[in-house]
Amino acid sequence: MLAATGCISIMPGVTSTLPRIQQLSAALVNRIAAGEVIERPASVVKELVENALDAGASSILVEIEDGGRELIRVTDDGHGIPAGELPLAFAEHATSKIATDDDLFNISTMGFRGEALASIGSVAHARILSRTADSDAAYEILNRGGQIADPQAAAGNVGTAVEVRNLFFNVPARRKFMKGAPTEFGHIADAVLRLALPHPGVAFRLVNNGKKSLDLPATDAVSRLLAAWPEEFHEQRLPLEVRDAEIRITGIVGLPELARPTNKHQYLYLNGRHIRDKFIQHALRESFRGLTEPGRHPAAILLIQIPPGDVDVNVHPTKIEVRFKDSGRIHGLVLSGVREKLLGSDLTPSAVPMRADNFDTTERADVRATLAAFFQQIPGDLGAPQNPAPLQLHAQPGPAPSLEFSAQQASIDSPPTTASAHLPSLPATAIQLHNSYLVTETPEGMLIIDQHALHERIMYEELKARITRGPLESQRMLIPYTVPATSRQVALLEQIQPLLGRLGIEVAPFGPDTVAIQAFPTFLSKLDPVEFMTDLLERGEQELLDLHDEELLHELMDMMACKAAVKAGDSLTPAEVQALIARKDLVDRSSNCPHGRPTTLRLSLKDLEKQFKRTGF
Amino acid sequence: MKVICNRGALLEALNVAGTVVASRTPKPSLQCVKLSAPDKSLTVMATDLEVAIRYIDHQVQIDEPGEALVPADKMRDIVRESVDDTLSIEISGDNAIIKGQDSNFKIFTQNVAEFPPVPDFEGEPQFEIAGGHLKQLIGQTLFAAAKESSRYAFNGVLVSVKGKKISLVATDGRRLAMAKGDLVSDNSGKDGVKAIIPAKALTLIDKLVDDPEEAVGFQIKENQILVHTSSATLTSSLVEGQFPPFEDVIPKDCDKKMTASTADFLAKIRLASLLTTEESKGVRLTFTKKGLVLSSRSPESGEATVNFPCKYEGTDVEIGFNPTFLIEALRVVDSDDITLELTAPNRPGLLKGGPDFLYVIMPVNLQ
């Protein structure tokens, strides 16, 4: 009915000016295609830098003016384009990267569709200046929104420079939707960084309105990856390398401590191409399960190498999404690889926030700047500096002064000890503070342990190991405990009955609005079963109903471990303290409680010396 | 007030009263004992508002009658550490002066009027039981009561009196102990009386009785119990709440039965329980025609197997028990032999030691 009335109201209008079907012009086709590939200035940068990489560049310079509105120029020192092929560069579906059908399924270059330059050319004023190694001169070609001029000889170095001006001059809708220059430049910087990470051998420079914004000299793989993370993350990382017969995954993962509410510190690469993939993100999250708080995304940069034939990158015009032949295999490899790495590593975070160092640096820079300004005003020898410029530079926020930079470089080169796989052997003594925390000496400094969190993790891991051997031992009740329950709660209990059985809890409906606890695990004998069940039912109603079995089991074991563990405020005898600390090394994931909060903080002698100002600046 | 006391007898009185004095209370008066010397004897009184005690010390000489409220711990420390045979206590103003041969203490007292009234045993007892017998019945049941259960009735022992017989029943919901005995006298009428007595009060009653022959008198009122021995009167509030219908949980259809020496069974259980831990408490009992094999296994410590040849009638069965529950019961059995009757691995076991003691124990589901 509704549809019919809708038709009637529209029909007259349609019949009056019936549009005719017609073939679109090539230029219009390109402009439509450009809409898919070229969303904003950052897309242009991405396409051009990818071309530069495909051209075998060892150094790429990206220059931006006015957020890309005014100018985008990408200059490389790659193999260049022969003068004769220049006109084809702007033609649609013209590429040097693939030639046959087979090539399409064995793509090893960044681009292959032959769309980028054509698309860019159709929505902007583009100019290519290129020179091959064996050519005496460079040639340039211009494209003004699809009007391609003939190549002209010009002056230039070996390599290619592509200049894009007046982006979207003929697509007002796009131009209107462009954000302010800082936002667009932000996207561009992100794009350049993403492209730079998997190519450590290529130097990247990004210049914004004449100012250097990113300078990444050619370096080793790990140092390049770290460029993506804030400096305080650098020490808290684990190197990763896993492989099976054909797939190889390398990269770095951050300690659980670095997990953040968004996944902005996560970068995934497939054969050198930045991708987004829900499966891999899920595998990462799963591998950190129990180590990070819920809803947090671990920091990780993964470079996945896979035979080109096993993946279809031709799913999305910007190639951000790909389709794996066997996504389960990738998922499994990431999950097991990262999980094993985490299990084999000491994940204890530092008690001193790394940010303190940064703060110091900027503060010292301020101090120096102030001093410099002060000295400048003093007449005489000190007061007339020959070259005040370097001092000015120091005073600027942004790139760290060269002194710090070299120190930072050194720390990257030698893998930090915190992240290495060796576990510190715990000494025999520990003291309890405020009946809540244990402090113990290590060769490197000291550990501060949250007794409840650590005990909870130990109980959890023991429980987990125990239930693989069969249901938990449980004491049957002579006189069952009765607990009031709503019908919704009774339904929940019925749903989770098999899981509860594995955990040694037997519950059965017992009259209206009541359930009876028939058996309760012996290791929880100190707990009041009624209190436990009431908690379970209340939480269950809110949170547990929609969980998968695996998650539910985790939640239930977590609840048990939490309730069975010593609490903050419980006084422990020295023997109990010893036992607790001795068990720390025997269980997996002892650095975090099952909720993901840390159990242990590390305060190294180095940190202490810094805090007490025993080491100079 | 001025009295001269035998130090030993006074210390005994203060020790008994001291068990009742509230350890943590905002009211200073409750941290005191009340001394009262009306004529020929000295009464020491203490209360924590749930349990109250009056202990009468006859080994005194009253020079001047009176009463006073004295801090319990200070008073007891002085009496304990002194070496004299007699001590004199004199109240003068706000001070109590305690004198020995070479010592002189002045301690500050509290206002007597602030002390709550401590009831005395008046009239005839409802029933009486021989001291030694009472201690036995308490010992056979009290251990099975819950310690701090949210099911309040489980924190006490149900005492039922009818037709010159008494029974005590205690349970923590996992096991149940019941002991029966005879009374010396019973004036409770044909309906008898029933009350749940808090574990704390029973522990004190057990301590108060030292002569197995003396008749201990009981009065059970609406929400109070009074117990009278030759030297003391104890008052306690009763546990409110419904004791579970325990008769229903005593199994009556057991078709399997082990008979064994109490001491031997206890020794074997203790041996088999050595490797159990906080997390793996259960001991597996495997009954066959050849007798019993006890075994335990814990992932932390290892495995144990103990053979116990004994008389067993019925089909083979395997059942898990918390050994502590068995050990606690076997310790209080006063007969040479016990029987353990069973039906199925998930149903309760019934342990009997003589005609007057029975114990129901729920099994453990082993891993």
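Everything numeric in this text was worked out from a predicted model, so none of it was measured.

## Digging into the environment of glycine 163 of chain B
Mapped onto the elements of the fold, glycine 163 of chain B is located in the loop between strand S11 (156-162) and strand S12 (165-171). C-alpha of glycine 163 of chain B to C-alpha of aspartate 186 of chain B: the two residues are 23 residues apart in sequence and 7.1 Å apart in space.

## With respect to a negative patch on the surface
A surface patch of negative charge is lined by Glu12, Asp210, Asp211 and Glu213 of chain B. As for its position among the elements, glutamate 213 of chain B is in the loop between helix H4 (199-208) and strand S16 (215-220).

## Concerning the packing of aromatic side chains
Considering all chains together, one arrives at eight aromatic pairs over all chains under this definition. Residues phenylalanine 243 of chain B and phenylalanine 246 of chain B carry aromatic rings whose centres are separated by 6.3 Å and whose planes lie at 75° to one another, so their mutual orientation is edge-to-face. By the burial criterion, phenylalanine 243 of chain B is buried, and phenylalanine 246 of chain B matches it. Among the aromatic residues, those joined into a ring-pair cluster are Phe143, Phe357 and Tyr359 of chain B. The ring of tyrosine 481 of chain A carries arginine 151 of chain B above its face, with NZ or CZ at 3.3 Å from the centroid.

## Considerations on a nonpolar patch on the surface
Residue and element names in this part refer to chain A. A surface patch of nonpolar side chains, amounting to about 310 Å² of accessible area, comprises Leu24, Leu28, Val29 and Ile32. Tracing the chain through its elements places isoleucine 32 in helix H2 (residues 26-37). With relative accessibility at 48%, the residue isoleucine 32 sits in the partly exposed group.

## Structural notes on the sheet that holds strand S5 (residues 60-64) of chain B
All names here are of chain B. The strand order across the open sheet formed by five strands is S5-S1-S7-S8-S9, and the pairing between neighbours is antiparallel. Each of the sheet's edge strands pairs with one partner strand only, and the pair in question is S5 and strand S9 (104-108). Sheet twist, expressed as the average angle between the axes of neighbouring strands with direction ignored, equals 20°. Relative to S5, strand S1 (residues 2-6) runs antiparallel, the two being bridged by four bridges. Considered in S5, the bridge of valine 3 is made with isoleucine 62. Here helix H2 (residues 72-81) sits on the sheet in contact with strand S7 (86-92), strand S8 (95-99) and S9, set at roughly 170° to S9.

The rules behind each value
Residues numbered from 1 in each chain as written. Chains lettered and ligands numbered in written order. Predicted model: local features only at pLDDT ≥ 70, side-chain atom pairs only at ≥ 80, totals over all residues. Heavy atoms only, no water. Helix = DSSP H or I, 4+ residues; strand = E, 2+ residues; numbered from the N terminus. Patch = residues over 30% accessible without salt bridge, like charges linked within 9 Å, V, L, I, M, F, W, Y side chains within 5 Å. Areas by Shrake-Rupley, 256 points an atom, 1.4 Å probe, with all protein chains shown as cover. Salt bridge = Lys/Arg side-chain N within 4 Å of Asp/Glu carboxyl O. Lys, Arg positive; Asp, Glu negative; His and termini not counted. Charge placed at Lys NZ, Arg CZ, Asp CG, Glu CD. Phe/Tyr/Trp six-rings, centres within 6.5 Å; stacked < 30°, edge-to-face > 60°. Buried < 20%, exposed > 50% of the residue type's maximum accessible area, 1.4 Å probe, protein only. Lys NZ or Arg CZ within 6 Å of the ring centre and 35° of its normal. Pairing = 2+ DSSP bridges. Axes fitted to C-alpha atoms, helices over the stretch in contact; angles between N-to-C directions. Contact = heavy atoms within 4.5 Å.

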